[in-house]
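Fold and contact review
Chain residues, written in single-letter form:
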Amino acid sequence: MSIPQVSRILQQMARLESMEHARRVQLLAGRRIALLFYESSTRTRTSFELAAKQLGATTTLVSDKSSSIEKGESLKDTGLTLRALGAECIILRHAASGAPSLLARMTGLPVLNAGDGMHQHPSQALLDLRTMLTRLGRSAVHVTESSLSGVTVVITGDILHSRVARSNAMLLPRLGAKVLLCGPEPLLPQEALGLYPGCGPAIEIVRSLDEALERAATSEAAVAMMLRIQRERLAGLELDLGEYVTRYQLHAERLERRAPHALVMHPGPMIRGLEIASEMADGPSSAIEDQVRHGLAIRSALLLRALSTTDFESVTV
Ligand code: CP
């Protein structure tokens, strides 16, 4: 996505939020949207569903746990079945990287990526962007290459398995942010830098969370984005959780000492007491509930973009 395209999505979000309910509910009235989830989700699934409903669309949920997927039906056949039943758009979460683009090719339908394996979670990166812009007092309607200049974002934790880290690391530097990736070698191999070609010195690996926070604190604005350890994807990786907590948990004493003004973010689900202490998750620096709230707005704009018959790109606010 180009920066002007990101900007137009942000504009569309603002436009939808200021629109009267009666008008908004007409925008996708009568349209059919299928939510196809092969992995568990609370935030992404619920916000896409509520977003579709507030635009007037009809939704149906197909989950791997209660459908013919359990009997061995393929992604292709499930997609073609949904299309035959009238689905005009599919929102897909899948454990395999690239599954959304495969499904789009096989069905010819717009497919929105709700998280694919360890690859991408694009709507999460967009809602994280809007949360940052809003909380840091920057324009959340028009973005440019300098919208996040002077902002250092420390992304800490299970970077290796994180589609959230990948999508954010591909988006934020293009808007001027510095990204420090932080974590132990098993969760953040040095090769991770090769995943973000073109970002150059805008992305760095810093092994110590204390050092990364201190560096962020010297910039105009600091963001501490914490990630969950994805036990379901560790696949034999040995990790000493006690040591991890000591070195990488975000707690009040650490933040107060290293980066007292940092904004605290977490895409969820959080494991309180592991990567983040409760006092951080619930404290005044936390933007975690804002992230969830912005999810509804961003997913409304993305659905409209996918299904709109009018010229989405020409929207202005
Ligand atoms: N952030 C996120 O993707 O959360 P869910 O797994 O609950 O959707």
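The following refers to the structure shown. (Residues numbered from 1 in each chain as written. Predicted model: local features only at pLDDT ≥ 70, side-chain atom pairs only at ≥ 80, totals over all residues. Heavy atoms only, no water.)

1. Things to note about the sheet that holds strand E1 (residues 32–37)
Sheet strands pair by backbone hydrogen bonding; their relative direction is either parallel or antiparallel. If you trace the four strands from one edge of the open sheet to the other, you get E2-E1-E3-E4, paired in parallel fashion. Two strands close off the open sheet at either side, each with one partner strand: strand E2 (58–63) and strand E4 (111–116). On average, adjacent strands in this sheet sit at an angle of 15° to one another, irrespective of strand direction. (Pairing = 2+ DSSP bridges. Helix = DSSP H or I, 4+ residues; strand = E, 2+ residues; numbered from the N terminus. Axes fitted to C-alpha atoms, helices over the stretch in contact; angles between N-to-C directions.)

2. Points about the pairing of strand E3 (residues 89–94)
Within E3, six of the six residues are buried, which leaves it mostly tucked inside the rest of the structure. The two faces of E3 match: Cys-89, Ile-91 and Arg-93 on one face and Ile-90, Leu-92 and His-94 on the other face are all buried. Here E1 runs beside E3; their pairing, made up of five bridges, is parallel. Each bridged residue has a counterpart across the sheet, and for Ile-33 the counterpart in E3 is Cys-89. Relative to E4, E3 runs parallel, the two sharing four bridges. Bridged to Ile-90 within E4 is Val-111. Where the polypeptide runs from E3 across helix H5 (residues 99–107) and back to E4, its parallel neighbour, the crossover connection is right-handed. (Buried < 20%, exposed > 50% of the residue type's maximum accessible area, 1.4 Å probe, protein only. Right-handed = clockwise from strand over helix to strand, strands pointing away.)

3. Focus on the sheet that holds strand E7 (residues 203–205)
The strand order E7-E6-E5-E8-E9 describes an open sheet built from five strands, whose pairing is parallel. Both edges of this open sheet fall to E7 and strand E9 (263–265), since each of them pairs with a single strand only. Each neighbouring strand pair of the sheet contributes to a mean axis angle of 20°, computed without reference to strand direction. Strand direction decides the pairing type here: strand E5 (residues 151–156) and strand E8 (residues 221–226), joined by six bridges, are parallel. When the sheet's bridge partners are listed, Thr-156 is paired in E8 with Met-226.

4. Let's talk about the site of the ligand
In the region of the ligand, the neighbouring residues are Ser-41, Thr-42, Arg-43, Thr-44, Arg-93, His-121, Gln-124, Pro-267 and Gly-268. A distance of 2.8 Å separates an oxygen atom of the ligand from a polar atom in the backbone of Thr-42. One of the backbone nitrogen or oxygen atoms of Pro-267 is found 2.9 Å away from a nitrogen atom of the ligand. In the complex, the protein chains occlude 93% of the 250 Å² of accessible area that the ligand would expose alone. Its atoms largely coinciding with the cavity grid, the ligand occupies the second largest pocket. (Near = heavy atom within 4 Å. Polar contact = N/O pair within 3.5 Å; in protein donor to acceptor, adjacent residues only side chain to side chain. Areas by Shrake-Rupley, 256 points an atom, 1.4 Å probe, with all protein chains shown as cover. 1 Å grid on protein atoms, 1.4 Å probe; cavity = no way out; pocket = protein on both sides within 12 Å on 5 of 7 lines; lining within 4 Å. Sits in = over half its atoms within 2 Å of the grid points.)

5. A closer look at the layout of surface pockets
Approximately 530 Å³ is the volume found for the largest pocket. Together, 18 residues line the largest pocket, and Met-1, Gln-120, Pro-122, Ser-123 and Leu-126 are the ones closest to its centre. For the lining of the largest pocket, the secondary-structure elements that each account for two or more residues are E4, helix H6 (122–135), helix H7 (163–171) and helix H12 (288–307). In terms of residue count, H6 provides more of the lining of the largest pocket than any other element does, four residues in total. (Points joined across faces, edges and corners; volume = space filled by probe spheres on them.)

6. What about the side chain of Ser-167?
Within the secondary structure, Ser-167 sits in helix H7. Looking at Ser-167, the relative accessible area reads 5%, which means it is buried. In this structure, Ser-167 is in contact with Gln-120, His-121, Pro-122 and Ala-125, ignoring residues within four places of it in sequence. (Contact = heavy atoms within 4.5 Å.)

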